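# Structural overview
Listed below are the residues making up each chain.
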Amino acid sequence: MDKNNMNEKKFFANETYKELYLKSELPEPPVFADSIAVGFNDWLSQFAELSGLIEDLNSVFDVADSRLILDLASYMISRESAVMQHFPAWAREHMIFSEEIRNDTQIGKFLKNDVTVSKINLFRDLWFKRNIGEGKIYLCYDSTNVNCQARGVSIVQMGYAKDDDTLPQVNTDYVVRQQDGLPLTYLHSPGSVTDIAQAQEMIDFINKGKKLTGKELNICMICDRGYISEKNVRMMDNFGISYLLMLRTNFCLYRDLTDETIDQIKTYKNELNCDEGEELYGITRECTLYENGPECYAQIIWSNNKYLSNRREIGRIIEAERRRIEKFIEENKGNFINEKDVPKFPCYFKLKTEQGTPQKEERQKRGRGNSTKTVEIPTLRILGYDDIESEINREYQKGGIIILVTKDKLTVQETINEYNKRDCVEKVFEALKSHMGMDKIGVATENAMHGKGFIWFVASIIHASLFIGTKSLRTSDKKRYTVPAMVDQLEAIKADKDLKTGKYKRRYKITKIQNNILKQWKIDENHIDDRIKLLG
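The structure contained in this document is the topic of the report that follows. (Residues numbered from 1 in each chain as written. Predicted model: local features only at pLDDT ≥ 70, side-chain atom pairs only at ≥ 80, totals over all residues. Heavy atoms only, no water.)

Attention now goes to the overall build of the protein chain. When helices and strands are tallied, the protein chain shows 18 helices and 16 strands. Relative to the compact-globule value of 24 Å for 536 residues, the protein chain shows a C-alpha radius of gyration of 34 Å, a clear excess of over 25%. For the C-alpha atoms alone, the extent of the protein chain along its principal axes is close to 140 × 55 × 50 Å. Burial analysis of the protein chain (536 residues in total) assigns 48% to the buried set. Counting contacts in the protein chain only where the partners sit at least 6 residues apart, residues at least 24 apart contribute 67% of the total. By element, 47% of the accessible surface of the protein chain is carried by carbon and sulfur atoms, the whole surface being about 29,200 Å². (Helix = DSSP H or I, 4+ residues; strand = E, 2+ residues; numbered from the N terminus. Rg over C-alpha atoms; globule rule 2.2 N^0.38 Å. Buried < 20%, exposed > 50% of the residue type's maximum accessible area, 1.4 Å probe, protein only. Contact = heavy atoms within 4.5 Å. Areas by Shrake-Rupley, 256 points an atom, 1.4 Å probe, with all protein chains shown as cover.)

Here is the structure:
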């Protein structure tokens with residue numbers, strides 16, 4: 001109260017009053033935080049423009065949808081997660097391409113209804129055509145699978161799971177440009193479909209994509225042994241697509257070439273240049289992969305590393321055959337048996353036998369009538385067996401054999417060099433599962449699965465391109481210039497809001513590491529500041 005005028009009852013708020021009653025007067029929180037990460041968004045906007053990614057997206061989707069696709073791909077890379085419930089919280093603290101923050105329900109509807117298979121296929125055509133290149137092109141092809149617990153989705157089926165074989169799965173195939181590791185296209189297929197069957201659709205896509213370019217392209221597909229079949233090889237031959245394939249060990253051609261070359265491959269004339277600690281030998285043989293097929297070249301390679309890794313398994317196989325022959329001998333001990341009843345045993349065991357009296361057997365003659373003829377069947381008694389040491393040693397040596405088949409006439413060394421580069425597609429799968437959340441699909445419908453798979457594909461393009469563009473930086477520092485480390489560095493570039501003016505301003509100067517990354521795309525401080533002006 002005013003002590004000078006006791007009749008006027010007025011109250012003057014003290015600090016306690018303000019603390020208790022003025023909280024309701026605080027402003028509502030803004031849509032975007034007062035401090036926003038801007039560096040990764042600025043880099044992505046520049047990359048998407050220079051690479052044509054945004055142009056291809058805008059050719060298929062409307063502008064708002066294209067922006068949301070980039071935001072979702074950014075979120076996957078930044079958060080290393082594909083759980084969309086957390087996207088709104090992430091977007092509040094990051095500069096995004098969209099004009100508003102979508103919640104997880106809106107994102108779910110978008111993936112289900114707006115990212116259709118037809119739009120995905122159109123984008124795949126555009127991106128493949130833009131980035132396939134010219135001249136001799138090596139494409140690395142491989143597949144992976146992801147477990148999914150969604151029920152009632154036709155594409156989620158039981159198959160040959162690499163992680164958990166008790167759960168159904170979805171198969172995902174990728175084709176990656178070998179020269180730098182850029183993803184060019186992808187496919188989803190039901191989990192029960194085999195690699196051999198799915199490869200036919202990918203081969204057909206590459207043939208159509210080759211025609212879309214209107215160029216004379218010399219494409220070579222590099223695949224592992226899981227994709228070889230006569231039909232697939234015929235398709236590639238008919239489409240004029242070259243190949244570099246690894247033969248499966250159960251192929252007759254593999255066994256024939258191995259038997260033919262195992263005794264002569266390890267000579268100084270056949271020794272190859274290789275990394276320290278590796279021992280490689282190689283021989284080239286002409287061959288065909290199917291009857292009346294075109295000539296191709298088998299590169300038979302003996303690897304000491306493969307020999308050592310397979311030696312124990314080969315020993316187990318030999319011991320299993322030994323137990324089989326010993327069991328047969330024990331079951332027929334002292335008995336004379338028909339020669340035709342003796343199973344076929346490996347060549348590295350030699351049976352010791354005693355000839356017996358032939359048994360006579362009546363057999364029906366061929367042709368008209370019911371006449372028969374008497375046939376004598378040799379009999380023998382098995383006394384034991386001997387190891388053929390030279391053959392056992394050959395069997396162990398065969399464990400070191402790898403056979404690569406090429407349509408192009410390359411040397412063994414050139415073939416090995418090209419095939420070894422196929423790990424670029426495995427690196428894409430590793431990044432998708434470890435750094436973009438693809439180890440769990442997390443959808444309830446097939447349409448949403450295709451939509452989310454497309455976001456992963458766009459994210460894989462962005463992830464690979466950041467890695468490709470900073471290759472020179474890793475020659476001196478591999479630790480600081482991994483993709484996760486670079487994303488962290490770029491996201492450390494923040495803009496703070498001036499509460500008086502409502503404008504955002506960069507907080508700190510650009511560090512040396514951040515500058516090293518950004519200058520690969522000709523981005524400087526002015527470029528970032530111009531991007532920040534778009535915030536308000």
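For strand 14 (residues 401-406), the buried fraction is high: five of the six residues fall into the buried class. Examined bridge by bridge, strand 8 (residues 296-303) and strand 14 share six bridges and lie antiparallel to one another. Across the sheet, Ile301 pairs through a bridge with Ile402, a residue of strand 14. (Pairing = 2+ DSSP bridges.)

The next point concerns the packing of aromatic side chains. This structure, assessed with the given rule, holds 21 aromatic pairs. Judged by centre distance (4.7 Å) and plane angle (45 degrees), the rings of Tyr141 and Tyr227 are tilted. With Tyr141 in strand 2 (residues 136-147) and Tyr227 in the loop between strand 5 (218-223) and helix 9 (230-239), the pair connects residues that are 86 residues apart, well separated along the chain. Residue class for Tyr227 comes out buried when judged on its relative accessible area of 4%. Pairing Tyr174 with Tyr186 gives two aromatic rings, centres 5.9 Å apart and planes at 40 degrees, and the pair type is tilted. Taken as a pair, Tyr174 in strand 3 (residues 169-177) and Tyr186 in strand 4 (residues 182-190) lie far apart in primary sequence, 12 residues in all. On the accessibility criterion, Tyr174 (1% relative accessible area) is buried. Cluster of aromatic residues (ring-pair linked, three or more members): Phe61, Phe123, Trp127, Tyr174, Tyr186, Phe429, Phe454 and Phe457. (Phe/Tyr/Trp six-rings, centres within 6.5 Å; stacked < 30°, edge-to-face > 60°.)

Time to look at the state of the cysteines. All chains considered together, the criterion is met by zero disulfides. Considering cysteine sulfurs only, Cys223 is the nearest to Cys220, which forms no disulfide, with 8.4 Å between them. (Disulfide = S-S within 2.5 Å.)

With respect to the secondary-structure elements, Tyr348 resides in the loop between strand 9 (337-338) and strand 10 (349-355). Along the sequence, Tyr348 and Asp387 sit 39 residues apart, while their C-alpha atoms lie 6.1 Å from each other. Dropping the residues within four chain positions of it, Tyr348 is found in contact with Ile317, Ile318, Glu321, Asp386, Asp387, Ile388, Glu391, Ile392 and Glu395.

Further remarks concern the side chain of Gln178. Examined against the element boundaries, Gln178 turns out to sit in the loop between strand 3 and strand 4. Given a relative accessible area of 10%, Gln178 falls into the buried group. From its side chain, Gln178 meets the backbone oxygen of Glu418 in a polar contact 3.0 Å long. In this structure Gln178 touches Tyr138, Cys140, Ile222, Glu418, Lys421 and Cys424, once residues within four positions along its chain are discounted. (Polar contact = N/O pair within 3.5 Å; in protein donor to acceptor, adjacent residues only side chain to side chain.)

What follows covers the pattern of salt bridges. Per the stated rule, a full pass over the model turns up 29 salt bridges. Of the charged contacts in the structure, one is a salt bridge between Glu321 and Arg324, with a shortest N-O distance of 2.9 Å. In this pair, Glu321 and Arg324 both sit in helix 11 (residues 304-331), three residues apart, roughly one turn of the helix. Note that Glu426 and Arg422 form a salt bridge whose closest N and O atoms lie 3.0 Å from each other. Taking the relative accessible area as the measure of exposure, Arg422 reaches 8% and is therefore buried. Among the ionic contacts, a cluster of salt bridges with common partners joins Asp142, Asp224, Arg422 and Glu426. (Salt bridge = Lys/Arg side-chain N within 4 Å of Asp/Glu carboxyl O.)

To continue, consider the packing of helix 15 (residues 446-469) against helix 16 (residues 483-491). What describes two packed helices is the angle between their axes and the distance between those same axes. Between helix 15 and helix 16, whose axes approach to 10 Å, the crossing angle comes to 90 degrees. By the angle between their directions, the pair helix 15 and helix 16 is classed as roughly perpendicular. When helix 15 is examined against helix 16, the residues His463, Leu466 and Phe467 are found in contact with a partner set consisting of Val483, Met486 and Val487. The residue makeup of the contact of helix 15 with helix 16, split by class, is five nonpolar, one polar and no charged. (Axes fitted to C-alpha atoms, helices over the stretch in contact; angles between N-to-C directions. Parallel < 35°, antiparallel > 145°, perpendicular 65-115°, else oblique. Nonpolar A, V, L, I, M, F, W, Y, C, P; charged D, E, K, R; others polar.)

For the rest of this paragraph, the subject is the environment of Gln413. With respect to the helices and strands, the residue Gln413 is situated in helix 13 (residues 412-420). Distance from Gln413 to Asn273, taken between C-alpha atoms, is 7.4 Å for residues 140 residues apart in sequence. Once residues lying within four places of it in the same chain are set aside, the contact partners of Gln413 are Leu272 and Asn273.

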